[in-house]
Amino acid sequence: MFWYRLGMADSRSLSERLSKLPPGRHLIPRDFVSQNQRERMLLATAELVAERGYQKTTIELIAKTAKVALVTFYEHFANKEECFLAALDESVAAAGEVFAELIDEEQPWVEQISTGLEVFLEMVVAEQARAKLCIVESQAAGGEALARYQSMLEKAAPKLREGRELNPRAARLPDGLEVAIVGGLMWLVHQRLVAGNVDDLKGLLPEMLQVTLTPYVGEVEAARAAEAAQARAAA
Amino acid sequence: MSGRSRRRALRRRHRRGRRHNGGRPGDSTRGELGKADVSASRRGSDPARERIAAATVEMVGEGGFAAVDIATICERAQVSRAHFVRCFADLEDCFLCLHDEVMGELCARVDAACDGRRAWHDRIWAAGVAAMRYLQEDAARARFLVVSVNGAGSGAQERRDRIVQRIADFLDGGRGEVDGERPVSRCTAEIAAGAVYGTILTKVQSGSVERGEEFLPELIYLATMPYLGARAAEDELLVQPLR
């Protein structure tokens, strides 16, 4: 499992991850305490939003779940949206680090895409609350969150665009092709997350690869890569 | 500012925020079906309701759902608040009912365009041209239909999901066009529908839907590529259907 191999998925239970620092006087530096509180609030936001949706998540609930006072919440964030956006940014940045670490730029492009999609699906399955925050709730939490969602799609586009070098007729391809494909893949995962049905998500990898690779290498080559991915998954 | 007064100020800000958020229509948790029924029963040939509908579609299309409230809609529509309440349960109910009506209008156009066409490829083109023309007719209505459903509460999200599922149902017929033994499931249609919807959203958001003839071939490419293959889909990019 790529995700766990990197040690980025935290194996502690949620209550352990949200446990607060010892109360009363202590020698822990103020910055550390503040950072710890912020992390707890971001984690609580991800968990609550995934469970209840953005609209039904309140500041009181975030503070209560993160075990911080309401005033502490306002010391860090102006409102719920700001907290949500911080949680979103943090999750997207963490996922970006995983991709950067696991995608080997020296590998052929088709393999890089195959690995990237496999890693993406593993992340969704391993961190469903974060995945729901980034893929589902970011589209429901207002204009700024939606803009971040769209910028997330655009971040993935350059890697996909490298595949144009493999298509001799690439000049004919639409400019927005890469963002559209990433959006389509995200939509498929979005639907599974909304239905709470991500168990079979990794089984969709071959078909996702087929659609993703076809514009660049053609359907025959894409089918070969999809079969290889299926064989790897079966092994 | 002392620690105590700062904390007091933060508490005040919290209370203000709650009051402000308390009025957001998107926060409503009441059942969608009941509300839709209420409004449906009040629909009819009511010129004031028509004016409310026109004002809402225009204002939400111009500024987004968060930018409108009942008072400004009533002012633009020149109706009383009491009449608004007779027509709709609240702002969210108004938005959802009108969204259903606009969506129904678009679907009727698409169905009429596809009527009598049996081949999947012909139906895709006919639906694309009809939908594009509908969106081009009125930029504010296009934004109301496609853009405003994002970020307008759970009921609006359901509508958005229904739109994409409907596109997926339509594209799924392409499975019959696939050559060879390659297995294609419903998930391919969902990816293609997500790609098509995302592209329409981007174009409507940026105001370029008025140049629909430039990107309709792109939509047809996205819709047909997973089924017809790269080469055949690329040929779709050379067609100029609306000129």
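Residues numbered from 1 in each chain as written. Chains lettered and ligands numbered in written order. Predicted model: local features only at pLDDT ≥ 70, side-chain atom pairs only at ≥ 80, totals over all residues.

Comments concerning the overall build of chain A
A tally of regular secondary structure across chain A gives 11 helices and zero strands. Mapped from its N terminus to its C terminus, chain A presents α and β elements in the order α-α-α-α-α-α-α-α-α-α-α. With 235 residues in all, chain A has 44% of them scored as buried. Nonlocal contacts in chain A, meaning residues at least 24 apart in sequence, comprise 65% of its contacts between residues at least 6 apart. (Helix = DSSP H or I, 4+ residues; strand = E, 2+ residues; numbered from the N terminus. Buried ≥ 20, exposed ≤ 12 C-beta atoms within 10 Å, placed from the backbone. Contact = placed C-beta atoms within 7 Å.)

Concerning the overall build of chain B
Secondary structure summary: chain B contains 12 helices and zero strands in total. The order of helices and strands in chain B, counted from the N terminus, is α-α-α-α-α-α-α-α-α-α-α-α. Relative to its 243 residues, chain B shows a buried fraction of 42%. Looking at chain B alone, contacts between residues at least 24 apart form 69% of all its contacts between residues at least 6 apart.

Details of the packing of helix H3 (residues 30–52) of chain A against helix H6 (residues 80–102) of chain A
Helix-helix packing is described using two parameters, namely the angle between the two axes and the distance between the axes. All names here are of chain A. At their nearest, the axes of H3 and H6 sit 9 Å apart, and the two run at 95° to each other. Taken together, the axes of H3 and H6 are roughly perpendicular relative to one another. The residues of H6 that touch H3, namely those facing Met41, Leu42, Thr45, Ala46 and Val49, are Cys83, Phe84, Ala86, Ala87, Glu90 and Ser91. Among the residues making up the contact of H3 with H6, the classes are represented as eight nonpolar, two polar and one charged. (Axes fitted to C-alpha atoms, helices over the stretch in contact; angles between N-to-C directions. Parallel < 35°, antiparallel > 145°, perpendicular 65-115°, else oblique. Nonpolar A, V, L, I, M, F, W, Y, C, P; charged D, E, K, R; others polar.)

Some remarks on the domain arrangement of chain A
All names here are of chain A. Looking at the assigned domains, one finds that chain A contains domain 1 (2–82) and domain 2 (108–234). Those elements giving two or more residues to the side of domain 1 that touches domain 2 turn out to be helix H1 (2–5) and H3. No other element matches H3, which puts four residues into the side of domain 1 that touches domain 2. (Domains from an automatic or database assignment.)

Remarks on the environment of Glu105(B)
Tracing the backbone through its elements, the reader meets Glu105(B) in helix H6 (residues 91–114). Here the alpha-carbon distance between Glu105(B) and Tyr134(B), two residues 29 residues apart in the chain, equals 9.1 Å.

Considerations on the environment of Glu178(A)
Residues and elements named next belong to chain A. For glutamate 178, the location among the structural elements is in helix H10 (residues 177–194). C-alpha of glutamate 178 to C-alpha of glutamate 111: the two residues are 67 residues apart in sequence and 17 Å apart in space. With near-sequence residues (within four places) excluded, glutamate 178 lies in contact with Ala157, Leu160 and Arg161.

As for the packing of H6(A) against helix H9 (residues 143–161) of chain A
Residues and elements named next belong to chain A. Where H6 meets H9, the axes come as close as 10 Å, and the angle between the chain directions of the two elements is 10°. Comparing the axis directions of H6 and H9 gives the class roughly parallel. Contacts from Glu81, Phe84, Leu85, Leu88 and Val92 in H6 reach Glu144, Ala145, Arg148 and Met152 in H9. Partitioning the contact of H6 with H9 into residue classes produces six nonpolar, no polar and three charged.

Details of helix H4 (residues 70–77) of chain B
Residue and element names in this part refer to chain B. Those residues of H4 that sit buried are Ile73, Cys74 and Ala77. The buried residues of H4 occupy one face: seen down the axis, they fall within an arc of 100°. Exposed residues lying more than 90 degrees from the buried face of H4 are Ala71 and Glu75. Taken together, the buried residues of H4 touch helix H3 (47–63) and helix H5 (81–87). Count one or two residues on from H4 and you reach glutamine 78, which has phi positive near 55°. (Arc of directions from axis to C-beta.)

Here we look at the interface of chain B and chain A
By a frequent convention, interface size equals the accessible area lost on bringing the separate parts together. The interface of chain B with chain A comprises 39 residues on the first partner and 36 residues on the second. Of all the secondary-structure elements, those providing two or more residues to the side of chain B that touches chain A are helix H1 (3–22), helix H9 (154–171), helix H10 (186–206), helix H11 (212–228) and helix H12 (230–236) of chain B. If one sorts the elements of the side of chain B that touches chain A by residue count, H10(B) sits on top with 11 residues.

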